[in-house]
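The primary structure of each chain is shown beneath.
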Amino acid sequence: MAASHGAGMMGAAATSDYGSSNTSLDRAGDEQEDGSNFEYGLDDVDEDASGPGDMKPTIVLMGQKRSGKTSIRKVVFQKMSPNETLFVESTARVTSESVTSSFINFETIEFPGQMSPFDAALDPVSTFTRCGALLFVLDAQDDYTEALKRMHEYFVKAYRINSNIKFEVFVHKVDGLGEDIKMDTQRDIFQRVQDDLADAGMEQIHINFHMTSIYDHSIFEAFSKVVQKLIRQLAALERLLDIFNQGSNVEKAFLFDVASKIYVATDTSPVDMATYELCCDMIDVTIDISSIYGSRDEPVAPFDANSSAVIRLSTQQVLFLRQVNRYLALVCIVRAENYEKQGLIDYNFQCFKRAIEKVFEVRKKMLLAGTRCKVDRLRLDDSGSSESRQGLPPPAARS
Ligand SMILES: Nc1nc2c(ncn2[C@@H]2O[C@H](COP(=O)(O)OP(=O)(O)OP(=O)(O)O)[C@@H](O)[C@H]2O)c(=O)[nH]1
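Residues numbered from 1 in each chain as written. Predicted model: local features only at pLDDT ≥ 70, side-chain atom pairs only at ≥ 80, totals over all residues. Heavy atoms only, no water.

Draft legend 1. Representation of a nonpolar patch on the surface. On the surface, Leu-86, Phe-87 and Tyr-215 cluster together to form a nonpolar patch covering roughly 390 Å² of accessible area. Tracing the backbone shows Leu-86 in the loop between α2 (69–77) and β3 (95–99). With a relative accessible area of 59%, Leu-86 lands in the exposed category. (Patch = residues over 30% accessible without salt bridge, like charges linked within 9 Å, V, L, I, M, F, W, Y side chains within 5 Å. Areas by Shrake-Rupley, 256 points an atom, 1.4 Å probe, with all protein chains shown as cover. Salt bridge = Lys/Arg side-chain N within 4 Å of Asp/Glu carboxyl O. Helix = DSSP H or I, 4+ residues; strand = E, 2+ residues; numbered from the N terminus. Buried < 20%, exposed > 50% of the residue type's maximum accessible area, 1.4 Å probe, protein only.)

Okay, structure coming up:
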């Protein structure tokens, strides 16, 4: 993977310990080493599940033609470099993609600008019933009057199908705008959207706005925030990060999905963009070094469950990365004098790691219990049990 954002790392004084001893990633083996034979993800469910609550969360991308939807998907999930998106062809049909090679286990569905997602032939009820977040991409460099009308119409229709959807607007391509114009554009869009909703009597639709560009970290930051809203364990993860920070004197900690550079959680102190960028850069540097100097036997992931890295900055701060499992890494920034007590940090990290595993284990157990109940119910139905014929509730509902 190429380091697409190299800036900000020049002051790094030393790098060490890239965990390349076990670079060849044997997934099954890692699960054993981890002691965690449970999967991670937003929702670990079977794809044949029938009820809406059982399905993978879906993020639907919409927007006018050439607003940047495909570019966003490719840059965030396929590691395409931003310049290459200049050659991306216009999307002709609905494109769905499962994001499974990382912690982020969900599906994205992109509707081409020229197509209405509410066309009856596209089964909008099914799409929006399982939609977790609806993401509308607005081209800030273009006249967005028409796009705003379209967005309003789609949001209202989607809300009527599923009021739990998180509505997100990416005011995109802001790299071409000066600071003042950027702020004015954001204010203008926000005001017009709120006015339209008020006129339609739909103020209950809550919309989040993000200023984004594929040419900097803002797209990763914005996508992180979208994804975080779909993570049920978010509050527990934030609390764990707060506890870790307090115990280890860490200034800021991010729990990253390494493959996508999306942070699935951070502590509750405010996110400073420069710190976030520094932490993203650290992931790039770690992966690059590991790819170059790690095992060359076969093309494998350049990190594993034991990867770690430390970078001392000229600002008397230390950046350190510790892999929590094969998907997630903890990236922290700490004052240099507080990094001297490494034993304490190591101990706290082990506690943190175990706690994270427990958080997801609980979820896994709940899902397994749910699946078992469903299987029991099917068995009862198959055997033509008098219970099921009499319309008694399934065992799960009774217990
Ligand atoms: N300046 C700038 N250009 C961008 C950005 N994101 C995408 N683009 C450019 O916008 C153009 C259109 O991008 P696409 O990703 O094809 O847009 P789309 O919304 O998928 O278009 P359709 O498939 O036609 O619906 C490409 O030339 C991209 O390089 C951005 O953040 N900043």
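Following the structure, the description resumes.
Draft legend 2. Layout of the site of the ligand. Taken together, 22 residues are adjacent to the ligand, and Thr-70, Ser-71, Ser-90, Thr-91 and Asp-175 come closest. At 2.5 Å, a side-chain N or O of Ser-90 approaches an oxygen atom of the ligand. A total of 660 Å² of accessible area belongs to the ligand in isolation, and the protein chains cover 92% of it. By residue number, the principal contributor to the shell around the ligand is α2, which donates 3 residues. Looking at the shell around the ligand residue by residue, the class counts come to 4 nonpolar, 12 polar and 6 charged. (Near = heavy atom within 4 Å. Polar contact = N/O pair within 3.5 Å; in protein donor to acceptor, adjacent residues only side chain to side chain. Nonpolar A, V, L, I, M, F, W, Y, C, P; charged D, E, K, R; others polar.)

Draft legend 3. Expanded view of the pattern of salt bridges. If you walk through the whole model with that rule in mind, you get 16 salt bridges. One salt bridge connects Arg-335 with Glu-251, and the closest N-O pair in it is separated by 4.0 Å. Residue Arg-335 is located in strand β12 (residues 328–335), and its partner Glu-251 is located in strand β8 (residues 250–257); the two are separated by 84 residues in the primary sequence. Under the relative-accessibility criterion, Arg-335 is labelled partly exposed at 35%. One salt-bridge network, held together by shared partners, links Arg-73, Glu-97 and Glu-110.

Draft legend 4. Focus on the nonpolar core. Counting 69 residues, the largest nonpolar core has Phe-223, Leu-255, Leu-330 and Phe-352 as its most contacted members. Those residues within four positions of Phe-352 in sequence are excluded, and the remaining contacts are Leu-240, Leu-241, Phe-244, Leu-255, Val-324 and Leu-330. Among the nonpolar cores identified, the runner-up in size contains 34 residues, and Ile-165, Ile-189, Met-202 and Phe-209 belong to it. (Core = buried A, V, L, I, M, F, W, Y, C linked by side-chain atoms within 4.5 Å. Contact = heavy atoms within 4.5 Å.)

Draft legend 5. Structural view of empty space enclosed by the protein. Under the counting rule described, the total for this entry stands at 4 cavities of 30 Å³ or more. Here the largest cavity defines a volume of roughly 60 Å³. Every residue lining the largest cavity is listed: Met-62, Gly-63, Gln-64, Phe-111, Pro-112, Gly-113, Met-115, Pro-117, Phe-136, Arg-150 and Tyr-154. Elements with a contribution of two residues or more to the lining of the largest cavity: β2 (58–63) and α4 (145–161). Here the lining of the largest cavity is composed, by residue class, of 7 nonpolar, 3 polar and 1 charged. (1 Å grid on protein atoms, 1.4 Å probe; cavity = no way out; pocket = protein on both sides within 12 Å on 5 of 7 lines; lining within 4 Å. Points joined across faces, edges and corners; volume = space filled by probe spheres on them.)

Draft legend 6. Looking closely at the pairing of β2. Most of β2 sits inside the fold, with 6 of its 6 residues counted as buried. Because side chains alternate across β2, one face comprises the buried residues Thr-58, Val-60 and Met-62, and the other comprises Ile-59, Leu-61 and Gly-63, equally buried. Two elements, β2 and strand β4 (residues 106–110), share 4 bridges in a ladder whose sense is parallel. Paired with Leu-61 across the two strands is Glu-110, which belongs to β4. Pairing geometry for β2 and strand β5 (residues 131–139), over 6 bridges, is parallel. Looking at β5, one finds that Gly-63 is bridged to Val-137. (Pairing = 2+ DSSP bridges.)

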